[in-house]
Amino acid sequence: SDLAEINAYTPNLSAAWMFQKAMSARMGKKVNSKFVNRLLATNFDVMNEMGPNTMMPFLQDVVRIDGLVGSLARSFVADPAFMPEIVAHVGIPTLVEWLGHVSMIATYNALHTVATPVMTLFVDKMEDPKERFLWRRRMDAWKFGSGNDYVFEE
């Protein structure tokens, strides 16, 4: 429906819940008491090394594909033995679902950076205000769902 365009799917927010899941313990499940500290230390060390363009969006709950992929790859290199423990903790089905959201972040990023500049030329000339509104909301969804709404300080 048209109202769904106002509150559209945002894959970066859907992917963010994985971080919450990784830092929580299910009832009745024994978790290594140092697991969360190790997870946070590794990720924050890596993001700090990557600089403010990675750290600042993350601290403001803006998940971007560049920071996410970069920090995951570097975390794997920094502590490769920890990755199987993380996967075991969150579970394969949860990880597969999360990877779907991550692939959508990449898709939304591509749509925002490539399609939006071209589409805007056509959308701005649309005579039907309803159609123009719907396309603008779709382009907003690509922007916000990819984390491209974050404004970097210069």
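Below you will find a few notes about this structure. None of these values were measured; they are calculated from a predicted model.

1. Concerning helix H3 (residues 52-59)
Working step 1: Those residues of H3 that sit buried are Thr54, Met55 and Pro57.
Working step 2: On its buried face, H3 sits against helix H2 (35-50) and helix H4 (65-78).
Working step 3: Positive phi shows up at Asp61, right after H3, with a value of about 60°.

2. A closer look at the environment of Glu49
Working step 1: With respect to the helices and strands, the residue Glu49 is situated in helix H2.
Working step 2: It is 25 Å that separates the C-alpha atoms of Glu49 and Ser103, two residues lying 54 residues apart in sequence.

3. Some points on the environment of Asp149
Working step 1: Within the secondary structure layout, Asp149 lies in the segment after helix H7 (129-145).
Working step 2: Judged by its relative accessible area of 27%, Asp149 is partly exposed.
Working step 3: Residues Asp149 and Lys125 lie 24 residues apart in sequence; the distance between their C-alpha atoms is 24 Å.
Working step 4: If near-sequence neighbours (up to four positions away) are discounted, Asp149 is found in contact with Val62, Lys143 and Phe144.

Rules of the game
- Residues numbered from 1 in each chain as written.
- Predicted model: local features only at pLDDT ≥ 70, side-chain atom pairs only at ≥ 80, totals over all residues.
- Heavy atoms only, no water.
- Buried < 20%, exposed > 50% of the residue type's maximum accessible area, 1.4 Å probe, protein only.
- Helix = DSSP H or I, 4+ residues; strand = E, 2+ residues; numbered from the N terminus.
- Contact = heavy atoms within 4.5 Å.

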